[in-house]
Amino acid sequence: MLNTNAMGLTKSEIFTAEQNTLASLFKVLGHPARIAILQYIINQKTCICNDLVDELGLAQATISQHLKELKNTGIIQGTIEGKSVCYCIDEKKWNEIQTLFNTFFEQEVNVKKCC
């Protein structure tokens, strides 16, 4: 199965599950609106419902698309309350992502002074 990205075609099956997972997470987190959404939800310390349009100044459709991407990765979860959808961080998934990122960034870099 071939995946396309901005750099061309890559064969995802030749990479480890961890490499594919990290790449997907970096891609989802690679948009500043999604970072802003996550920061807003985290800072509220509660589930949020319909506050993002006023807070971020983006169109509802744009925010909905970003929320969908974040929800598809499991970073956030949503519940329907009447006509409102409320979102919060999935703490278990958040901790899993944090562990993946920490493992990735804690790798010792031992580069000889060649550049």
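- Per an unreviewed UniProt entry, the recorded name for the protein chain is Transcriptional regulator, and the organism is Empedobacter brevis NBRC 14943 = ATCC 43319.

### Details of helix α2 (residues 32–44)
Okay, so step 1: Spanning 13 residues, α2 covers 18 Å between terminal C-alpha atoms, matching the ideal 18 Å at 1.5 Å per step.
Okay, so step 2: By the burial criterion, the buried members of α2 are A33, R34, I37, L38, Y40 and I41. One face of α2 carries all of its buried residues, which in axial projection span an arc of 160°. Every exposed residue of α2 that faces more than 90 degrees away from the buried side is listed here: P32 and N43.
Okay, so step 3: Positive backbone phi, approximately 55°, marks K45, located one or two places after α2.

### Let's talk about the packing of aromatic side chains
Okay, so step 1: With the rule as written, the count across this model stands at 4 aromatic pairs.
Okay, so step 2: Each ring, one from F26 and one from F105, has its centre 6.2 Å from the other, and the planes form 85°; the classification is edge-to-face. Remark: F105 occurs in helix α5 (residues 91–105) and F26 occurs in helix α1 (residues 17–28); sequence separation between them is 79 residues.
Okay, so step 3: The exposed category is assigned to F105, whose relative accessible area is 57%.
Okay, so step 4: Following the ring pairs from residue to residue traces out a cluster consisting of F26, F101, F104 and F105.

### Notes on unusual backbone geometry
Most of the time, phi is negative for any residue but glycine, and the peptide bond is trans.
Okay, so step 1: Even without a glycine there, the phi angle at K45 is positive, about 55°.
Okay, so step 2: For K45, the position within the fold is in the loop between α2 and β3 (48–49).
Okay, so step 3: Residue classification places K45 among the exposed residues on the basis of a relative accessible area of 74%.

Reading guide: rules and limits
Residues numbered from 1 in each chain as written. Predicted model: local features only at pLDDT ≥ 70, side-chain atom pairs only at ≥ 80, totals over all residues. Heavy atoms only, no water. Helix = DSSP H or I, 4+ residues; strand = E, 2+ residues; numbered from the N terminus. Expected span 1.5 Å × (residues − 1). Buried < 20%, exposed > 50% of the residue type's maximum accessible area, 1.4 Å probe, protein only. Arc of directions from axis to C-beta. Phe/Tyr/Trp six-rings, centres within 6.5 Å; stacked < 30°, edge-to-face > 60°.

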